[in-house]
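Results of the structural survey
Take a look at the letters that make up each chain.
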Amino acid sequence: MANQDCIFCKIVAGEIPSDKVFQDEWVTAFRDINPLAPTHILIIPNNHLTSTNDLTPYHAAMAGRMLTVVPELAAKEGIVESGYRLIMNTGPDGNQVVMHMHLHLLGGHRMKHAMG
Ligand code: 5GP
Ligand code: ZN
């Protein structure tokens with residue numbers, strides 16, 4: 001179920017280019033076009049969800065995969081021991097810009113402890 005106007009749906013489908021690092025039946029992971037850290041990967045559901053507000057129990061397997069792929073990606077990036085941050089932005093006050101749910105995986109250098 002792709003949203004025709006959604007840039008991340010087009011990335012899942014391969015209709016616009018991206019630096020994909022992982023894809024399975026549930027999720028796709030690719031490098032952020034404007035990285036804020038040496039590792040900046042976006043993990044997204046293959047099917048269009050606008051944000052965490054769209055999640056229901058039906059999405060449990062996909063949502064679980066969004067998290068369980070993290071240690072696999074972190075291992076490939078060499079940041080398991082050094083650590084990383086996971087961020088999901090929802091809605092205007094959450095600074096969500098792209099309206100296809102996504103999890104940011106950021107690592108490769110020490111980040112400020114405070115949120116923000
Ligand atoms: P948000 O603020 O919505 O949580 O973050 C959206 C992220 O998507 C931003 O970090 C931005 O750099 C990234 N982004 C936006 N458009 C594209 C694109 O076409 N390709 C890739 N790889 N990343 C994108
Ligand atoms: Zn989408």
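Residues numbered from 1 in each chain as written. Chains lettered and ligands numbered in written order. Predicted model: local features only at pLDDT ≥ 70, side-chain atom pairs only at ≥ 80, totals over all residues. Heavy atoms only, no water.

**Details of the overall build of the protein chain**
A tally of helices and strands in the protein chain yields two helices and five strands. Reading the helices (α) and strands (β) of the protein chain from amino to carboxyl end gives α-β-β-β-α-β-β. In terms of overall size, the protein chain behaves like a compact globule, its C-alpha atoms giving a radius of gyration of 14 Å where 116 residues would be expected to give roughly 13 Å. Projected onto its principal axes, the C-alpha coordinates of the protein chain cover approximately 35 × 30 × 30 Å. A burial count over the protein chain gives 37% of its 116 residues as buried. Look at the contacts in the protein chain between residues 6 or more apart in sequence, and 53% of them connect residues 24 or more apart. For the protein chain, the accessible surface area stands at approximately 7,100 Å², while carbon and sulfur atoms represent 57% of it. For the protein chain, the centre of its 8 positive side-chain charges and the centre of its 11 negative side-chain charges are spaced 7 Å apart. (Helix = DSSP H or I, 4+ residues; strand = E, 2+ residues; numbered from the N terminus. Rg over C-alpha atoms; globule rule 2.2 N^0.38 Å. Buried < 20%, exposed > 50% of the residue type's maximum accessible area, 1.4 Å probe, protein only. Contact = heavy atoms within 4.5 Å. Areas by Shrake-Rupley, 256 points an atom, 1.4 Å probe, with all protein chains shown as cover. Lys, Arg positive; Asp, Glu negative; His and termini not counted. Charge placed at Lys NZ, Arg CZ, Asp CG, Glu CD.)

**A closer look at the site of ligand 1**
Around ligand 1, the structure places 16 residues, and the nearest of them are D32, N89, V97, H102 and H104. D32 is positioned with one of its side-chain polar atoms (N or O) 2.5 Å from an oxygen atom of ligand 1. Interatomic distance of 3.2 Å between a backbone N/O atom of I33 and a nitrogen atom of ligand 1. In isolation ligand 1 offers 520 Å² of accessible surface; the protein chains occlude 83% of this area. In this structure the site holding ligand 1 corresponds to the largest pocket. Those elements that place two or more of their residues in the shell around ligand 1 are α1 (7–13) and β2 (27–31). The dominant element in the shell around ligand 1, judged by the number of residues it contributes, is α1, at three residues. (Near = heavy atom within 4 Å. Polar contact = N/O pair within 3.5 Å; in protein donor to acceptor, adjacent residues only side chain to side chain. 1 Å grid on protein atoms, 1.4 Å probe; cavity = no way out; pocket = protein on both sides within 12 Å on 5 of 7 lines; lining within 4 Å. Sits in = over half its atoms within 2 Å of the grid points.)

**A look at the pairing of β2**
Along β2, four of the five residues are buried, which leaves the element largely enclosed by surrounding structure. The turn joining strand β1 (residues 20–23) and β2, which pair antiparallel and follow one another in sequence, is formed by three residues. (Pairing = 2+ DSSP bridges.)

**Quick look at the sheet that holds strand β4 (residues 84–87)**
The antiparallel open sheet is built from five strands, whose spatial order is β1-β2-β3-β5-β4. Each edge of the sheet is formed by a strand with only one pairing partner; in this case those strands are β1 and β4. On average, each strand axis in the sheet is inclined to that of its neighbour by 15 degrees, with strand direction left out of account. Looking at chain direction, strand β3 (residues 39–45) and strand β5 (residues 103–107) are connected through five bridges and run antiparallel. Each residue of the ladder has a partner; that of L42, found in β5, is H104. (Axes fitted to C-alpha atoms, helices over the stretch in contact; angles between N-to-C directions.)

**Details of the nonpolar core**
Of all hydrophobic cores here, the largest spans 14 residues; its most connected members are I43, M66 and L73. Sorting the residues of this core by element identifies β2, β3, α2 (60–77) and β5 as the ones contributing at least two each. Top contributing element to this core by residue count: α2, with five residues. Beyond its immediate chain neighbours, meaning those up to four positions away, L73 contacts V21, F22, A29, I41, I43 and L105. (Core = buried A, V, L, I, M, F, W, Y, C linked by side-chain atoms within 4.5 Å.)

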